[in-house]
Amino acid sequence: MFHAEKFIEKTISNLQREIKGKALIAFSGGVDSTVCAALVNTAIGKQLIAVHVDTGYMRKNEPEQVQRMMKDLGLNYRYISASEDYYQALKGIEEPEKKRKIIGEKFIRIFEQVAREEHISYLVQGTIAPDWIESGGGLRDTIKSHHNVGGLPEHMTLKLVEPLRDLYKDEVRKVARALQLSVSERQPFPGPGLAIRIIGEATPERTELVREACAIVEKEIERASEQGLMERPWQYFAVLIPIKTVGVHGDKRAYGNTIAIRAVQSVDAMTCHYSTIPHDVLDAISTKITNTLKEKVNRIVYDVTNKPPGTVEWE
Amino acid sequence: MSGNDRMVRIYVIDNGGQWTHREWRTLRDLDVDTKIVPNTTPLQELQKEEIHGLVLSGGAPRIGLASTLGNCAEYLDNAKFPILGICAGHQFMARHFGGEVKPSKLPEFGQVEITLCVDDDPLFTSVPKKSIVWESHNDEVTVLPKNFRKIAESDNCVIQAMGQLKRQFYGLQFHPEVEHTQYGEQIFKNFINLCKG
């Protein structure tokens, strides 16, 4: 069986042996990187610098939340705002694997820059089992290049440290609970962020649409779960499908985009069942999204695909 | 682990499956001494330590089209312990012993109901006649190899499970290692019991 306490003890002593000097942790504010940061922070203290990159593809209010988290954890941290860079790099890019690779490489280049300034030689990442499994390599087919594995450039100067490599999300959550981290129940959010929740080019305008739609889906589903109307899903969000359909808005013709609602139940992300969201809740989400995004979005669909054959995220 | 409580050692042969690591995790969670081993490892090297069983993982290779799967043939020819083949591992086992594997007319992905065809198989102890399993396959076993019997079927796939009682070799088309397969853990427990001998 997996024992969180034993894992914590063993990992901290391994980290103390492995890391000689300063280290940088790629900090997204999710469960994996937060657990990792807490462990490494215990192991090497102020020798650790947490770096959070705002890619411009973060969720609503996320940059502020993440900064608060880094402060609360007592981390030595840097917050880097790089939205313009990312939007520029993804201009005209539609292919999902290309998006992931560009984002992955950009992360590393930013970390390398910080590492040079701070004389750091180790990069700590909260990589977990599904990240490297799905990224493929050797005999394994590439399902998608996770930004922290398949998205890494071939040549990089930093040494990788990945203490959670053999863990699945449910085990990481156990470790988070044992460390009393409030982030333990936070839903997963992919490193490439909203960029892979936009089918096609991830322009700043489209990002605004999907950001708003994701916020509405999160809010309505969290409310419904708290009221006991449904089980809180493992992951729940919106996807922007830039396919236009016809609608009618106040006696006028509308011609806007489509948003898909995605919510799944899982334990470890390796298999997922789509969530059964009550119709009233779907109704509330649909009305709120179309009324908020008005002429930009006039159709909402509900994704009823399991994994396999689908994956959780669409790209 | 030491003392009189002998630990069972079962290795997972990695044929490149998405769920190879899940097989490792399920065994570890059941207190088995386990590790993931590349399928190119010679049997002799595997047996440097005493092992009590092997799991042949699934993988992307199309067994319906290709004829080799690392050193799996060597394990099947010479093993003196139970072997559990899953998905591609199952298909390879069937093909190796003279059965047939073909692309599925209706490939199955995700949730499927299987029905047991026999009620006394030790691998399915405490598993009800009908249960939910999860699948992910493009090919399937269409003709049983000699000395194997069919244990389970589904609407779209005639051989969901097969077994050879004497050598305790088993093949499963579905995936007992994933969380969503209803009696997956029970099947692993039963396999561990077979390996304990």
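No experiment lies behind these values; they were computed from the predicted model shown.

### Examining the overall build of chain A
- The helix and strand inventory of chain A stands at nine helices and nine strands.
- Along the first, second and third principal axes, the C-alpha atoms of chain A reach 70 × 40 × 40 Å.
- Taken across its 315 residues, chain A has 45% of its residues classed as buried.

### Things to note about the overall build of chain B
- Each helix and strand counted, chain B has five helices and nine strands in total.
- For chain B, the succession of helices and strands along the chain, N to C, is β-α-β-α-β-α-β-α-β-β-β-β-β-α.
- Rg of the C-alpha trace for chain B: 15 Å, near the compact-globule value of 16 Å for 197 residues, within the 12% margin.
- Each principal axis of the C-alpha atoms in chain B carries an extent, and together these give about 50 × 35 × 30 Å.
- Partitioning the intrachain contacts of chain B with sequence separation of at least 6 by distance along the chain shows that 74% fall at a separation of at least 24.

### Quick look at unusual backbone geometry
- In this structure, the amide linkage connecting Lys 307 of chain A to the following residue, Pro 308 of chain A, adopts the cis form with an omega of -15°.
- Its location among the elements puts Pro 308 of chain A in the segment after strand S9 (297-302).
- In this model, Pro 308 of chain A is joined to Pro 309 of chain A through a cis peptide bond whose omega is 5°.
- Position of Pro 309 of chain A relative to the elements: it lies in the segment after S9.
- With phi around 70°, Asp 251 of chain A is a residue other than glycine that occupies positive phi space.
- Tracing the backbone shows Asp 251 of chain A in the loop between strand S6 (235-249) and strand S7 (252-265).
- You will see that Gln 168 of chain B, though not glycine, has its phi angle at about 55°, which is positive.
- Summarising the element assignment, Gln 168 of chain B is placed in the loop between strand S8 (161-164) and strand S9 (169-172).

### Considerations on the sheet that holds strand S5 (residues 159-161) of chain A
All names here are of chain A.
- Overall, parallel pairing links the five strands, which are arranged S3-S2-S1-S4-S5 in an open sheet. Of all strands in the sheet, those with a lone pairing partner are strand S3 (77-81) and S5, marking the two edges. Averaged over neighbouring strand pairs, the angle between their axes works out to 30° when direction is ignored.
- Pairing between strand S4 (residues 122-124) and S5: three bridges, direction parallel. Counterpart to Leu 123 in the pairing with S5 is Leu 160.
- Against the sheet, helix H2 (residues 31-44) engages strand S1 (23-26), strand S2 (48-54) and S4, with an angle of about 165° to S1.
- Docked against the sheet, helix H3 (residues 62-72) engages S2 and S3, running at close to 175° with respect to S2.

### Regarding the interface of chain A and chain B
- Across the contact, 18 residues belong to chain A and 20 residues belong to chain B.
- Its residues assigned to classes, the side of chain A that touches chain B comprises eleven nonpolar, four polar and three charged.

### Digging into the confidence of the model for chain B
- Looking at chain B, pLDDT values average 93 and 96% of them are 70 or higher.
- Among the prediction metrics, the complex's ipTM stands at 0.82, with pTM recorded as 0.87.

### With respect to the environment of Asn 138 of chain B
- Structurally, Asn 138 of chain B is set in strand S6 (residues 130-143).
- Among all residues touching Asn 138 of chain B, those that are not within four sequence positions of it are Arg 62, Pro 103, Ser 104 and Pro 107 of chain B.

### A few points about the packing of helix H8 (residues 204-226) of chain A against helix H9 (residues 279-293) of chain A
Residues and elements named next belong to chain A.
- Following both chains from N to C, one finds H8 and H9 inclined at 150°, their axes separated by 10 Å at the closest point. Compared by their axis directions, H8 and H9 come out roughly antiparallel. Pair H8 / H9 crosses with right-handed handedness. Facing Leu 209, Glu 212, Ala 213, Ile 216, Val 217, Glu 220, Ile 221 and Ala 224 of H8, the residues of H9 in contact are Val 281, Ala 284, Ile 285, Lys 288, Ile 289, Thr 292 and Leu 293.
- Within the contact of H8 with H9, the residues separate by chemical class into eleven nonpolar, one polar and three charged.

### Quick word on the sheet that holds strand S5 (residues 100-116) of chain B
Residue and element names in this part refer to chain B.
- The mixed open sheet is built from nine strands, whose spatial order is S2-S1-S3-S4-S9-S8-S7-S5-S6. One side of each edge strand has no neighbouring strand; the edge strands of this open sheet are strand S2 (36-38) and S6. The average undirected angle you get between the axes of adjacent strands in this sheet is 25°.
- Direction of pairing for strand S4 (residues 83-86) relative to S9: parallel, over a ladder of four bridges. Bridge pairing links Gly 85 to Gly 171 in S9.
- Packed on one face of the sheet, helix H1 (residues 20-29) meets strand S1 (10-14), S2, strand S3 (53-56) and S4 and runs near 175° to S1.

The rules behind each value
- Residues numbered from 1 in each chain as written.
- Chains lettered and ligands numbered in written order.
- Predicted model: local features only at pLDDT ≥ 70, side-chain atom pairs only at ≥ 80, totals over all residues.
- Helix = DSSP H or I, 4+ residues; strand = E, 2+ residues; numbered from the N terminus.
- Buried ≥ 20, exposed ≤ 12 C-beta atoms within 10 Å, placed from the backbone.
- Rg over C-alpha atoms; globule rule 2.2 N^0.38 Å.
- Contact = placed C-beta atoms within 7 Å.
- Pairing = 2+ DSSP bridges.
- Axes fitted to C-alpha atoms, helices over the stretch in contact; angles between N-to-C directions.
- Nonpolar A, V, L, I, M, F, W, Y, C, P; charged D, E, K, R; others polar.
- pLDDT = per-residue confidence, 0-100.
- Parallel < 35°, antiparallel > 145°, perpendicular 65-115°, else oblique.
- Left-handed = near helix turned anticlockwise from the far one by under 90°.

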